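# Overview (structure and organization)
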Number of protein chains: 2
Amino acid sequence: MKTNFTFQNPTKLIFGKGTIANLAQELPKDEKILVTYGGGSVKQNGVYKQVLQALQGFNYIEFWGIEPNPTVETLRKAIALGKQEKVTYILAVGGGSVIDGTKLISSAIPYDGDAWELVLKPAKIGKMLPFASVLTLPATGSEMNCGAVISNAEKQEKYAFYSSFPQFSVLDPLVTFSLPDFQIACGIADTFIHVLEQYLTVPDESPLMDRWSEGIMQTLIELAPKVTADKTNYEAMAEFMLCATMALNGFTAMGVTEDWATHLIGHEITALQDITHGQTLAIVLIGVMKVLRKQKRAKLLQFGARVFHIVEGTEEQRIDTTIVATEQFFRSIGLATKLHELNIGAETIQAIKDRFLKRGTHLGECGNVDGMLTEEILNECL
Amino acid sequence: MKTNFTFQNPTKLIFGKGTIANLAQELPKDEKILVTYGGGSVKQNGVYKQVLQALQGFNYIEFWGIEPNPTVETLRKAIALGKQEKVTYILAVGGGSVIDGTKLISSAIPYDGDAWELVLKPAKIGKMLPFASVLTLPATGSEMNCGAVISNAEKQEKYAFYSSFPQFSVLDPLVTFSLPDFQIACGIADTFIHVLEQYLTVPDESPLMDRWSEGIMQTLIELAPKVTADKTNYEAMAEFMLCATMALNGFTAMGVTEDWATHLIGHEITALQDITHGQTLAIVLIGVMKVLRKQKRAKLLQFGARVFHIVEGTEEQRIDTTIVATEQFFRSIGLATKLHELNIGAETIQAIKDRFLKRGTHLGECGNVDGMLTEEILNECL
């Protein structure tokens, strides 16, 4: 460990079968609770019924309709409702998008201006309402971190935003059994690439953090075929759910250099073309690995050796094989790894390049991924 | 992941060079602080000077003399001082013993009865004073968990005790440079065996927790020769310090079955013969592995394969080789692995057996380690 760091993660994790009922003990009794939801899948999979059961006797109101890649336009309605009803606590019931949106709602209800100002200038965040979550889709890690990603539909923009941690999060793996296969695949890719964003940078910063990152990725590779074969395999789905939370709660990020170029390029594809987040990452990562193979050389070799057991051949051959193995992993879970498979072409690449050049964007662990390099990366993904 | 679990660890970790100065920002301004210390080594290694510097302007008093394996007899004096001076916050400056002792002090100052009652009956713990720590010896993990081990000198007893987490802990690896070699070796053994107590039990409970446990042990094996060769190697000492904290903060214990027989037998050796905790563990573990090799078979094979790369030979041979490799690891850092090296013989074994039979003790993940089996284990350690 070379670098100083500060770590704290106060979220209480309540994990396992039947734990939604624990809401009754965990939620504060004397608060006015706003319960936030997505589009309504919780009404089909039994989650809503369990939540209502646990909420008996609590003082709560509901807000429905936080969409994937939650937009400030939708969230403004929840914020207005929360102000009007004087809510003092929020319970998010949904996937990463509902929890992300709830983080903005919790910051914006006590704020006098418009919520988008908080996304653009987090320094304006003052008091925040406490909130908790019932997670329904393992992917983003939002259930145990303080980050969120908020979109602006009008401006076709999507930005990361940091507020505070959920007080507690309930993770019942049973709720994942009814997820669409594509959502599960995107969740696995999102989890895998969260780890890589914290790992595929500078070598020898912390041997322990490296081992823990590799441990998550090894586990994902082992469980992916089980999950793909049978998404009602409780042990495999539960392990996936645990991996997703552990991949972005700071446990693997102590004192290490992070990247996040893949995510930030992926956000632009989602903002412009409405492609699911995890799917964009599976494509962009391959381009990033190819274009930045010199910069990421030592970590690519370590990743290949320890995660995919690639130890034969020259170093260049091993890096090639590692990139192929990564791409094959994403394909094995049913994701596309090329832009043309999603009918995305040169026009979108040009738009992202122009945006990055206009904004003066510089991404990645070396700050060298600008509009020009992003174009090169995305051209590798065509 | 098969089993339901709840996880929460709110301690803020402040890690790195020069971080003792951060006390000035982290400590609450309006509290009456009791600062607790061990025997005075902090006066030699510069820690005390840095703490005093940071405490300028705070309202504090000091208590000196919390010994290794802190006794309730010593702690009663600190508790009396704290009550008399109406302290409202405690800062522990020292190793695991000072932090452990501080956990009892924090529970006992607001308590009307005798502190030993809280050790024997934790249900009696009510209000606790908040506390924080400056860690000087990586080993016990007490800086980021809610456990403590308290001794009773009069009764020659030593028991685990659970209270609350430090609000924050400052870990500056520079303070470890002046530690005696033997203390460092004991700290490495303690850390390694904390991991094994949470790992060497039931197979296939959580692939991720297994990987993380193996990751800590692999890292310790890699850094041990560096630390032994040069204890002023900052990166290696810092990584050791990180490993020690991560080995017992719950991060590797989610949903897995734990053992703790080695610790609880080791505590008896310390209570009766005043042997340093980590040294007792390095001896007892080898006996536990030998006597419980059938019960721990699957995990012993996995441990050997993944941590020591032992994959040749029959399964029985691999287990033999794994036990030898573990013993060699402890010897390589300068620890004894047999009781006779410490002049401990049949008399102490008999005393521990008698105590366990009298108390009706049943330890380990199967609850089968009673007085008789403990005798068998310790006879293997002679």
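Everything that follows concerns the structure shown earlier in this document.
Residues numbered from 1 in each chain as written. Chains lettered and ligands numbered in written order. Predicted model: local features only at pLDDT ≥ 70, side-chain atom pairs only at ≥ 80, totals over all residues. Heavy atoms only, no water.

### Regarding the sheet that holds strand E1 (residues 5-15) of chain B
Hydrogen bonding along the main chain pairs the strands of a sheet, whether they run parallel or antiparallel. To keep it simple, the criterion reads: Strand pairing follows a simple DSSP-based rule, namely that at least 2 bridges must link the two strands. What counts as a helix is a DSSP run of H or I of at least four residues, what counts as a strand is a run of E of at least two, and both are numbered from the N terminus. Angles run from 0 to 180 degrees between N-to-C directions of axes, and those axes are lines fitted to C-alpha atoms, restricted for helices to the stretch in contact. Residues are treated as being in contact if the distance between any of their heavy atoms lies within 4.5 Å.
Pairing is mixed across the open sheet formed by 12 strands, whose spatial order is E3(A)-E2(A)-E4(A)-E5(A)-E8(A)-E1(A)-E1(B)-E8(B)-E5(B)-E4(B)-E2(B)-E3(B). Of all strands in the sheet, those bounded by a partner on one side alone are strand E3 (59-63) of chain A together with strand E3 (59-63) of chain B. Strand-to-strand twist across the sheet, computed as the mean angle between neighbouring axes with direction ignored, equals 25 degrees. Against the sheet, helix H5 (residues 96-108) of chain A engages strand E2 (32-37), strand E4 (89-94) and strand E5 (131-135) of chain A, with an angle of about 165 degrees to E4 of chain A.

### A closer look at the relation of the copies chain A and chain B
Inclusion rule: A least-squares fit on C-alpha atoms brings the copies together, and the residues used are those whose pLDDT is at least 70 in both copies.
Once chain A is rotated about the relating axis by 180 degrees and shifted along it by 0.0 Å, it coincides with chain B to within an RMSD of 0.0 Å. Put plainly, the chains are arranged around a two-fold axis. Among all residues of chain A, the minimum C-alpha distance to the rotation axis is found for Pro10 of chain A, at 2.1 Å. Looking at chain A, 100% of its interface residues are interface residues in chain B too, so the copies touch through the same face.

### Comments concerning the state of the cysteines
Residue and element names in this part refer to chain A. Defined as follows: Two cysteine sulfur atoms make up a disulfide if the distance between them is within 2.5 Å. Throughout, exposure labels follow a simple rule: accessible area from a 1.4 Å probe, protein chains only, divided by the maximum for the residue type, with under 20% read as buried, over 50% as exposed, and the rest as partly exposed.
Scanning the entire structure with this criterion turns up 0 disulfides over all chains. Unpaired in terms of disulfides, Cys186 finds its nearest cysteine sulfur in Cys381, a separation of 16 Å. Since its relative accessible area comes to 4%, Cys186 is described here as buried.

### Digging into the environment of His340 of chain A
Looking at the element boundaries, His340 of chain A is found in the loop between helix H13 (315-332) and helix H14 (346-359). Ignoring anything within four residues of it in the chain, the contact list for His340 of chain A reads Cys381 and Leu382 of chain A.

### Considerations on the pairing of E2 of chain A
Residue and element names in this part refer to chain A. In terms of burial, E2 is largely enclosed, as 6 of its 6 residues are buried. Covered by surrounding structure in E2 are Lys32, Leu34 and Thr36 together with Ile33, Val35 and Tyr37, the residues of both alternating faces. Direction of pairing for E2 relative to E3: parallel, over a ladder of 5 bridges. Among the inter-strand pairings, Val35 is bridged to a residue of E3, identified as Glu62. Sheet analysis places E2 next to E4, joined by 5 bridges and oriented parallel. Within E4, the residue paired with Thr36 across the bridge is Ala92.

### What about the interface of chain A and chain B?
To keep things clear, this is the line we draw: Defined here as a combined quantity, buried area equals the accessible surface (1.4 Å probe) lost by two parts on assembly, summed across both. By salt bridge we mean one thing: a side-chain nitrogen of Lys or Arg within 4 Å of a carboxyl oxygen of Asp or Glu. In protein, a polar contact means a hydrogen-donor-capable atom and an acceptor-capable atom, both N or O and within 3.5 Å, with residues adjacent in sequence counting only if both atoms are side-chain atoms; elsewhere, any N or O pair within 3.5 Å suffices.
With 42 residues of chain A at the contact, the number on the chain B side is 42 residues. Summed over both sides, the interface of chain A with chain B buries roughly 3500 Å², with 59% coming from carbon and sulfur. Summed over the three residues of chain A that lose the most area to chain B, namely Met1, Arg211 and Trp212 of chain A, the buried surface amounts to 19% of that side. Across the contact surface, chain A and chain B share 2 salt bridges. For Glu222 of chain A, the salt bridge goes to Arg211 of chain B, with nearest N and O atoms at 2.5 Å. Here chain A and chain B share 19 residue pairs in polar contact (both at pLDDT 80 or more) between them. Breaking the side of chain A that touches chain B down by element, the ones donating at least two residues are strand E1 (5-15), helix H8 (207-229) and helix H9 (234-246) of chain A.

### Quick word on the environment of Phe308 of chain A
Residues and elements named next belong to chain A. Examined against the element boundaries, Phe308 turns out to sit in the loop between helix H12 (297-307) and H13. Residue class for Phe308 comes out buried when judged on its relative accessible area of 18%. Residues Phe308 and Phe63, 245 residues apart in the sequence, show an inter-C-alpha distance of 44 Å. Residue contacts for Phe308: discarding those within four places in its chain leaves Phe192, Ile221, Phe303, Thr322, Ala325, Thr326 and Phe329.

### Quick look at the side chain of Thr201 of chain A
Residue and element names in this part refer to chain A. Mapped onto the elements of the fold, Thr201 is located in the loop between helix H7 (181-197) and H8. One polar contact links the side chain of Thr201 to the main-chain carbonyl oxygen of Thr257, over a distance of 2.7 Å. If sequence neighbours within four positions are ignored, Thr201 has contacts with Thr257, Glu258, Asp259, Gln295, Lys296, Lys299 and Glu365.

### Looking at the pattern of salt bridges
For the structure on display, the rule yields 36 salt bridges over all chains. For Asp320 of chain B, the salt bridge is made with Arg293 of chain B, and the minimal N-O distance between the two is 2.6 Å. Within this pair, whereas Asp320 of chain B is found in helix H13 (residues 315-332), its partner Arg293 of chain B is found in the loop between helix H11 (277-291) and helix H12 (297-307), the two being separated by 27 residues in sequence. What makes Asp320 of chain B partly exposed here is its relative accessible area of 37%. With a closest N to O distance of 3.2 Å, Glu375 of chain B and Lys353 of chain B form a salt bridge. Here Glu375 of chain B is found in helix H15 (residues 371-379), whereas its partner Lys353 of chain B is found in helix H14 (residues 346-359), with 22 residues between them in sequence. Residues joined by salt bridges that share partners form a network here, namely Arg293, Arg297, Glu315, Glu316 and Asp320 of chain A.

### So, the side chain of Asp190 of chain A
All names here are of chain A. Applied cut-off: His is not counted here, nor are the chain ends, while Lys and Arg score as positive and Asp and Glu score as negative.
Looking at the element boundaries, Asp190 is found in helix H7. One buried charged side chain, Asp190, makes no salt bridge at all; its nearest oppositely charged neighbour is Lys158, positioned 8.6 Å away. Looking at Asp190, its side chain comes within polar contact range of the side chain of His277, at 3.2 Å. When neighbours within four sequence positions are excluded, Asp190 is seen to be in contact with Ala139, Thr140, His263, His277, Gly278 and Leu281.

### Considerations on the pairing of E1 of chain A
Across 7 bridges, the pairing between E1 of chain A and E1 of chain B is antiparallel. Pairing of Phe15 of chain A across the sheet is with Phe5 of chain B, part of E1 of chain B. Bridge count for E1 of chain A against strand E8 (residues 168-171) of chain A is 4 bridges, and the pairing is parallel. Within E8 of chain A, the residue paired with Phe15 of chain A across the bridge is Leu171 of chain A.

### Overview of the packing of aromatic side chains
Put simply, the rule is: Within 6.5 Å between ring centres, the rings of Phe, Tyr and Trp (the latter by its six-membered ring) count as paired, and their orientation is classed by plane angle as stacked under 30 degrees, edge-to-face over 60, tilted in between.
As enumerated under the stated definition, the model contains 30 aromatic pairs over all chains in all. Aromatic pair Phe5 of chain A and Phe15 of chain B: ring centres 4.9 Å apart, planes at 10 degrees, arrangement stacked. Taken together, the residues span two chains, with Phe5 of chain A in strand E1 and Phe15 of chain B in strand E1. With a relative accessible area of 8%, Phe5 of chain A lands in the buried category. Centre to centre, the rings of Tyr48 of chain A and Trp64 of chain A are 5.1 Å apart; their planes meet at 75 degrees, and the pair counts as edge-to-face. Within this pair, whereas Tyr48 of chain A is found in helix H3 (residues 47-54), its partner Trp64 of chain A is found in the loop between E3 and helix H4 (72-84), the two being separated by 16 residues in sequence. Overall, the relative accessible area of 16% leaves Tyr48 of chain A in the buried class. Taken together, the ring pairs connect Phe7, Trp212 and Phe251 of chain A together with Phe7, Trp212 and Phe251 of chain B into an aromatic cluster.

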